Amino acid sequence: MTSSILRLLTQLDASGANPQDINLLAQEVRAPSDAADFEYITTDVFIAGSGPVGCTFARNILAKRSETRIFMSEVGSQVSPELGYHQKNDIGYQKDIDRFVHVIKGALSTTSIPPASTYVPTLAPSGSWAPRYEGQVRINGHNPRQDPFRNLGASAVTRTVGGMATHWTCATPTPRFDELPDTYKPEEWKSLYTRARAILKTNDTSYDHSIRHTVVKEALQKGYGVGREVASLPLALNLRRTDNSDFVTWTGSNTILGKLAEPGYKGNFTLRVSLTCFFFYDVSGGNVNQICGAYLRDLKDNKPIIVRAKIYVAACGAVLTPQLLYNSSIKPPALGRYLSEQSMSFCQIVLSRDIVEGIRNDPRWSGIIGPHCAFWEDPIPIPYNDPEPQVTLPYSQDTPWHVQVHRDAFSYGDVGPKVDPRLVVDLRFFGKTDVNRNNLVSFESGNPAFPGRPPWDTKDLKPGVSDIYGMPQPTFEFVHSDEDQRRNDRMMSDMCRAASFLGSYLPGSNPQFLEPGLALHITGTIRAGNDPETSVVNRDCRVHDIGNLYLGGNGVIPTAMACNPTITSVCYALHASDVIAKQLDSPEFSD
């Protein structure tokens, strides 16, 4: 960053921006817009990203310092009146969970798509344009630099208010044994997880009254015996409604924000949508001590925006957060490295005749099953409104994978019309991937005239260099180790064993490994640690050697994790926002 920008941003203050200075800034960053089009925003805390982690920062800071002004930006749009609402709370989706599969598919944008053959032998050669015998069409949004053998092909991001929390499973198990990072002491972790469960409304009792939940849990425990723990899956949701127990309220980012998410809220929290945060301004061109500004653009009118804050937080996800740092010329050695993503095995079973008929004959439910079958003339002894099972086999040192036995919507695994969905159970096994410095996501520079920065006009976007938002294109380099593969084989065998206790495979959903990246649980890309050579942030989630830049999200987690990482990321955000609140009270930031 040149000294002219430093002088300019130092001179700008809450009273507004001098048009002549803004014009100089526009020229400096090669932004093709008139100076009068700039918007200038001042705040105490700027947060990029409106997912559950970004919202945790906002909620906790305001809970501790209600006078703090917080400005949050989101590149996506708002899809519900209440900010970050979980879309599975729609009654229609709770009545028919398979319909929600299409919502998830529509919300996900694949991160890195390798080139594909564009030769179409059946295309009319005289009437349509097609590539000749050589050369490759560079499709916008695809990445010609991506090696398909080293890709996380199913890795995707959600760009909308609330982020992934608008459609996540809400599974919030606590990491065990070597999954748990050593960032904090055991008593600190205990306190943070207690707070995180309260914010997320985690409980493991909402499905205990379910017939299917009970029989699946009992069948697994009988099959495995006393040597294997079988438990109810901890889920982030409100306890079942007292007025209608058929439905639950799943936790979204709105749950975390509380009153801040309510329509008509007027206070110190502001969220703006359709804003791309392109980069942070540092103060010394790479050897930085402070961030002094953020450069954003409104995607609707291409209007440039400068945000100046005391504290900056990037919580854009495990791929888009390191992308933002890279584009800001903040490139610590560990940025994007030590990437870990879970392997997944999956199958679906149809409950066995023994289990189903056992329900019919079980005195615990005789008062429910008899009237149901008589009234509906239903041969299946499971009420239509019986909640789905939500069971887990927790991670252990002997079985180092996390298990979810349930019925839920993913971007895969919908049930066809020939099998009653009440009889179908999903088995999802999540395996950890050993931490490896050479598993990484890298980025390309966008504009040769201004290294590290993207082109500003869509017409200048170049596949493999910029993504469709004008940011540096992510490229994965990821391989499983031999030990990973051996562990995956054991995990697959364990899944087949669990399935055998429950029934037979649903045709078309036999045991299979899913495409890498489909777990959407990438960790390690902005990992926490004490050594700036092997980590990006310290225990407070503050970027090493930068006094006012904090990061949040699954990428902060430095360990290989098999269980769902969101609750752990919320723990990190709680600790970091505690630190930020104290920092704002320090003389350094006094007004």
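Here's what I pulled together on the structure shown here. The shown structure was predicted, so the numbers you read here are calculated from the model rather than taken from an experiment.

### Quick word on the overall build of the chain
Of regular secondary structure, the chain possesses 13 helices and 23 strands. Across the 591 residues that make up the chain, the buried fraction comes to 58%. For the chain, contacts bridging at least 24 residues in sequence account for 76% of all contacts bridging at least 6. Total accessible area on the chain is roughly 24800 Å²; 50% of this is exposed by carbon and sulfur atoms.

### Quick word on the sheet that holds strand β3 (residues 70–74)
Across the sheet, 5 strands lie side by side as β10-β3-β2-β14-β23; this open sheet has parallel pairing. Because the sheet does not close on itself, it has two edges, and the strands there are β10 (269–273) and β23 (549–551). Strand after strand, the sheet turns through a mean of 20 degrees between neighbouring axes, direction not considered. Pairing between strand β2 (residues 45–48) and β3: 4 bridges, direction parallel.

### Observations concerning the pairing of strand β8 (residues 235–238)
Looking at chain direction, strand β6 (residues 202–203) and β8 are connected through 2 bridges and run antiparallel. In the strand pairing of β8, Thr202 is matched with Ala236. Where β8 lies against strand β9 (residues 249–250), 2 bridges are found, and the strand directions are antiparallel. Paired with Leu237 across the strands is Trp250, a residue of β9.

### A short note on a nonpolar patch on the surface
On the surface, Phe375, Trp376 and Tyr384 cluster together into a nonpolar patch covering about 420 Å² of accessible area. On the secondary structure map, Phe375 appears in helix α11 (residues 366–376).

### Some details on unusual backbone geometry
Phi at Ser274 is positive, roughly 60 degrees, even though this residue is not glycine. When you line up the elements, Ser274 lands in the loop between β10 and β11 (275–282). Classification of Ser274 by relative accessible area gives buried; the value is 13%. For Glu377, which is not glycine, the phi dihedral falls at a positive 50 degrees.

### Quick word on the sheet that holds β6
With antiparallel pairing, the 3 strands of this open sheet are ordered in space as β6-β8-β9. Every interior strand has two partners, whereas the edge strands, β6 and β9, have only one.

### Structural notes on the layout of surface pockets
Any empty space left between atoms is shown by rolling a water-sized probe over those atoms. Volume-wise, the second largest pocket comes out at about 550 Å³. What lines the second largest pocket is a set of 24 residues, among which Gln94, Lys95, Arg212, Tyr384 and Glu388 lie closest to the centre. Here the lining of the second largest pocket gets 3 residues from one element, more than from any other, and that element is helix α4 (residues 91–95). Taken together, the residues that form the lining of the second largest pocket break down as 9 nonpolar, 2 polar and 13 charged.

### Section: the packing of aromatic side chains
This model, assessed by the stated rule, comprises 15 aromatic pairs. Judged by centre distance (6.4 Å) and plane angle (70 degrees), the rings of Phe46 and Tyr312 are edge-to-face. Pair noted here: Phe46 is in strand β2 and Tyr312 is in strand β14 (residues 311–314), with a separation of 266 residues, a long-range link. Of the two residues, Phe46 and Tyr312, neither departs from the other in class, the shared state being buried. Through a chain of ring-to-ring contacts, three or more aromatic side chains come together here, namely Phe46, Phe71, Phe280 and Tyr312. In this arrangement the basic side chain of Lys88 is found over the ring face of Trp250, its NZ or CZ atom lying 4.0 Å from the centre. When the ring centre of Tyr224 is taken as reference, the NZ or CZ atom of Arg228 above it lies at 4.6 Å.

### Regarding the packing of helix α3 (residues 52–64) against helix α13 (residues 566–584)
One way to put it is that α3 packs onto α13 with a least axis distance of 8 Å and a crossing angle of 35 degrees. The hand of the α3/α13 crossing is right-handed. Residues Pro52, Val53, Thr56, Phe57, Asn60, Ile61 and Lys64 of α3 form the contact with α13, whose own contacting residues are Thr566, Ser569, Val570, Ala573, Leu574, Ala576, Ser577, Asp578, Ile580, Ala581 and Leu584. Tallied by class, the residues present in the contact of α3 with α13 amount to 11 nonpolar, 5 polar and 2 charged.

What counts as what
- The residue numbers shown here count from 1 along each chain, following its written sequence.
- In view of the model being predicted, local features appear only for residues whose pLDDT reaches at least 70, and side-chain atom pairs are presented and counted only at 80 or more, with totals across whole chains, interfaces and linings using the full set of residues.
- Think of the side-chain values as coming from all heavy atoms in the structure, minus any hydrogens and water.
- For helices the rule is a DSSP run of H or I covering at least 4 residues; for strands it is a run of E covering at least 2, with both sets numbered from the N terminus onward.
- The rule is simple: take the accessible area with a 1.4 Å probe, protein chains only, and divide by the maximum for that residue type; under 20% is buried, over 50% is exposed, in between is partly exposed.
- In what follows, residue pairs with any heavy atoms lying within 4.5 Å of each other are defined as contacts.
- Per-residue and other accessible areas were derived by the Shrake-Rupley procedure at a 1.4 Å probe size, with only the shown protein chains allowed to occlude residues.
- In this scheme, strands are said to pair when DSSP sees at least two bridges between them.
- Geometry is summarised by axes, namely lines fitted to C-alpha atoms with helices restricted to the contacting stretch, and by angles between N-to-C directions that run from 0 to 180 degrees.
- Patches here are clusters of residues that have more than 30% relative accessible area and form no salt bridge, with a 9 Å joining cutoff for like charges and a 5 Å cutoff for nonpolar side chains (Val, Leu, Ile, Met, Phe, Trp, Tyr).
- A carboxyl oxygen of Asp or Glu within 4 Å of a side-chain nitrogen of Lys or Arg is what we treat as a salt bridge.
- Cavity: a set of points on a 1 Å grid over the protein atoms alone where a 1.4 Å probe fits but cannot get out. Pocket: an open set with protein on both sides within 12 Å along at least five of seven lines, its lining residues, like those of a cavity, having an atom within 4 Å of a point.
- Grid points are joined across faces, edges and corners, and a volume is the space filled by probe spheres set on the points.
- Here the term charged refers only to Asp, Glu, Lys and Arg, the term nonpolar to Ala, Val, Leu, Ile, Met, Phe, Trp, Tyr, Cys and Pro, and the term polar to all other amino acids, Gly among them.
- What counts as a ring pair is set by centres within 6.5 Å for rings of Phe, Tyr and Trp (its six-membered ring), and what kind of pair is set by the plane angle: stacked under 30 degrees, edge-to-face over 60, tilted for all other angles.
- As a reminder, the over-ring test applies to NZ of lysine and CZ of arginine, requiring each to be within 6 Å of the ring centre and within 35 degrees of the ring normal.
- Rotating anticlockwise by less than a right angle from the far helix to the near helix defines a left-handed crossing, while the corresponding clockwise rotation defines a right-handed one.

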